Amino acid sequence: MIIEPKIRGFICTTSHPQGCKENVMQQISYMKTRPKCQGPKKVLVIGASTGYGLASRIASTYGCDAATIGVIFDKPANGNRTATAGWYNTAAFEKFAANDGYYAKTINGDAFSQKIKEETIALIKKDLGQIDLVIYSLAAPKRTTADGTTYQSVLKCTNQDFVNTTIDLKTKEIIEVTVPKATEQEIHDTVKVMGGEDWHDWMTALEQAGVLANHTITVAYSYIGPKLTYPMYHQGTIGAAKAHLLKTAQDMTNKMQGIKAYVSVNKALVTQASSAIPVVPLYIAALYRIMKQKKVHENAIEQIDRMYREKLFTDTPILDQTGQIRMDDWEMRDDVQQEINAFWTKLYAHKITDFSYIDDYWVEFKQLFGFDVPNVDYTKEVHSDIAIPSL
Ligand code: NAI
């Protein structure tokens, strides 16, 4: 079939297998230009099919020569419906990895469930014995816990309603948005979904099953961002969840013998997760333009490669005073943030006339789903029904 993007709001309901394969190949090609890194050898990536999780899987494989098990939550093609981008990414990754002589297997299902934890542990026992790195990279709208309760995460403020000027990325109109204040229940539920509880459950299950090597490292990803986005991110419901993630890391390091748990604060990137946050997509669009002009822009694979090489797998990990790895160091540089502030000042004065970075944002967004990727002929018919070899 010929596959075209079908975008509704910030969701694309189709994906292109060839474009996704090309995206994965580009990340692998980048890693092949990098020197090898003294890192882990057996890695579990939870949330491995897109964004930072996929990049972590690729960096572990090609940077550290590691075997990987990826936990994903993706759908295969069905009739006229294409598979999800994460499905095509994983199918492509497994094939490239096998061709290059690497072990890579995948488990598809709800990472929050006990069933998937048990399946993963059984696969580790069967194939790898023990693992030495666990990357936790889930971004999910909801979580069902063992007692059957489903919690929904929301992207709201925690102090008061917040009004800010933004640009509608579809119409390019300058508009006012109000991000509402969350209820206590909504804050609690967002922490349940995006906080550290499930990460802790994973690490406890893996430890009790005896599948963690001595000196296992585990990393989860966080974001802080500039003061501009504090009301809806750092001090919002998602920020409360990220604070819980950090506390969980500290608790695990203190209480679980032989385990070091870290939170890495990463750079803002166009991903499915970030596109859902109010105002943040415009911030990212402007940020990309500024960071590219200053030649300090990084995508997911460059971030994770630099984290492994320069901050995590060094003699001792390089942490800030709160104990976190800071991969947002270039994003938060004064000269970068000054330009962001200048951009917003112009926006408040309704003096923005150049909208080309918004077009660039949509190219990046479509590329997440395998569209607008260079070197792909979209006029060619493709098979949508692609298998993930290990499933
Ligand atoms: P993403 O949307 O690209 O990836 C999320 C992954 O989680 C996908 O592979 C998805 O399939 C998987 N997933 C979701 N629910 C699942 C479930 N129930 N079971 C199994 N897998 C499931 O998102 P992104 O941006 O890579 O986010 C990953 C982490 O990085 C998040 O914690 C996010 O907060 C953090 N982060 C993201 C930044 C950004 O700007 N995109 C910046 C800094 C941190």
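This text follows the structure it describes.
Residues numbered from 1 in each chain as written. Predicted model: local features only at pLDDT ≥ 70, side-chain atom pairs only at ≥ 80, totals over all residues. Heavy atoms only, no water.

Colleague: In this structure, what is going on with the side chain of R57? I would like to understand it.
Modeller: Among the secondary structure elements, R57 is positioned in helix α2 (residues 51-64). One buried charge, R57, has no salt-bridge partner; the nearest side chain with opposite charge is E94, at 4.6 Å. Not counting residues up to four positions away in its chain, the partners in contact with R57 are V45, A48, T68, I69, G70, T90, F93, A104, K105 and T106. (Helix = DSSP H or I, 4+ residues; strand = E, 2+ residues; numbered from the N terminus. Buried < 20%, exposed > 50% of the residue type's maximum accessible area, 1.4 Å probe, protein only. Lys, Arg positive; Asp, Glu negative; His and termini not counted. Salt bridge = Lys/Arg side-chain N within 4 Å of Asp/Glu carboxyl O. Contact = heavy atoms within 4.5 Å.)

Colleague: Any chance you could explain the environment of Q324 here in plain terms?
Modeller: Structurally, the position occupied by Q324 is in the loop between α9 (300-312) and β13 (325-326). With a relative accessible area of 7%, Q324 lands in the buried category. Between the alpha carbons of Q324 and D201 there is a distance of 21 Å; along the sequence they are 123 residues apart. With near-sequence residues (within four places) excluded, Q324 lies in contact with I224, L246, V263, V265, I318 and L319. Looking at Q324, its side chain comes within polar contact range of the side chain of T322, at 3.1 Å. (Polar contact = N/O pair within 3.5 Å; in protein donor to acceptor, adjacent residues only side chain to side chain.)

Colleague: Is there a simple way to explain the sheet that holds strand β6 (residues 131-136) in this structure?
Modeller: Note on sheets: strands pair through backbone hydrogen bonds, and any given pair is parallel or antiparallel. Sheet architecture is open: 7 strands sit in the order β5-β4-β3-β6-β11-β12-β13, paired in parallel fashion. Edge strands, defined here as strands with exactly one partner in the open sheet, are β5 (104-108) and β13. Both strand β11 (residues 212-222) and strand β12 (residues 259-265) contribute to a ladder of 7 bridges, which runs parallel. Along β12, the bridge assignment pairs Y221 with S264. (Pairing = 2+ DSSP bridges.)

Colleague: Can you walk me through helix α4 (residues 114-128) in this structure?
Modeller: For the α-helix, the turn length of 3.6 residues means that residues three or four positions removed from each other point alike. Over its 15 residues, α4 extends 20 Å from the first C-alpha to the last, a length consistent with the 21 Å expected when each residue adds 1.5 Å. Buried within α4 are the following residues: I116, K117, T120, I121, L123, I124 and L128. Projection of α4 onto a plane perpendicular to its axis shows the buried side chains occupying an angular sector of 165 degrees, all on one side. Seen from the open side of α4, the exposed residues pointing more than 90 degrees away from its buried face are K115, K125 and K126. (Expected span 1.5 Å × (residues − 1). Arc of directions from axis to C-beta.)

Colleague: Just checking my understanding: could you explain the site of the ligand for this structure?
Modeller: In the vicinity of the ligand, 30 residues are found, and the nearest of them are T50, A111, K242, L269 and T271. At 2.8 Å from an oxygen atom of the ligand is found a side-chain nitrogen or oxygen belonging to T50. L138 places a main-chain nitrogen or oxygen 3.2 Å from an oxygen atom of the ligand. The protein chains hide 92% of the 830 Å² of surface that the ligand would expose on its own. Those elements that place two or more of their residues in the shell around the ligand are α2 and β11. The class makeup of the residues in the shell around the ligand is 15 nonpolar, 11 polar and 4 charged. (Near = heavy atom within 4 Å. Areas by Shrake-Rupley, 256 points an atom, 1.4 Å probe, with all protein chains shown as cover. Nonpolar A, V, L, I, M, F, W, Y, C, P; charged D, E, K, R; others polar.)

Colleague: Looking at this structure, how should I read the packing of aromatic side chains?
Modeller: Two measures describe an aromatic ring pair: the distance that separates the ring centres and the angle between the ring planes. Tallying each qualifying case throughout the model produces 13 aromatic pairs. Their ring planes at 25 degrees and their centres at 6.2 Å tell us that Y136 and W199 sit as a pair that is stacked. Of the two residues, Y136 sits in strand β6 while W199 sits in helix α6 (residues 197-208), which places them 63 residues apart along the sequence. For W199, a relative accessible area of 0% gives the class buried. The rings of F10, Y361, W362, F365 and F369 are connected pair by pair, giving a single aromatic cluster. Lying over the aromatic face of W330, R306 brings its terminal NZ or CZ to 3.6 Å of the ring centre. (Phe/Tyr/Trp six-rings, centres within 6.5 Å; stacked < 30°, edge-to-face > 60°. Lys NZ or Arg CZ within 6 Å of the ring centre and 35° of its normal.)

Colleague: Looking at this structure, how should I read the packing of helix α8 (residues 280-293) against helix α11 (residues 356-368)?
Modeller: Across the interface, α8 lies against α11 with an axial gap of 9 Å and an inter-helix angle of 100 degrees. Between α8 and α11, the angle is such that the two are roughly perpendicular. Contacts from P281, L282, A285, A286, Y288, R289 and K292 in α8 reach S356, Y357, D360, Y361 and E364 in α11. In terms of residue class, the contact of α8 with α11 is made up of 7 nonpolar, 1 polar and 4 charged. (Axes fitted to C-alpha atoms, helices over the stretch in contact; angles between N-to-C directions. Parallel < 35°, antiparallel > 145°, perpendicular 65-115°, else oblique.)

Colleague: How do you make sense of unusual backbone geometry when you look at a structure like this?
Modeller: Of all residues except glycine, most have a negative phi; of all peptide bonds, most are trans. Phi is positive for K295, which is not a glycine, with a value near 60 degrees. Among the secondary structure elements, K295 is positioned in the loop between α8 and α9. Even without being a glycine, N375 presents a positive backbone phi close to 75 degrees. Among the secondary structure elements, N375 is positioned in the segment after α11. On the basis of relative accessibility, which here comes to 71%, the residue N375 falls in the exposed class.

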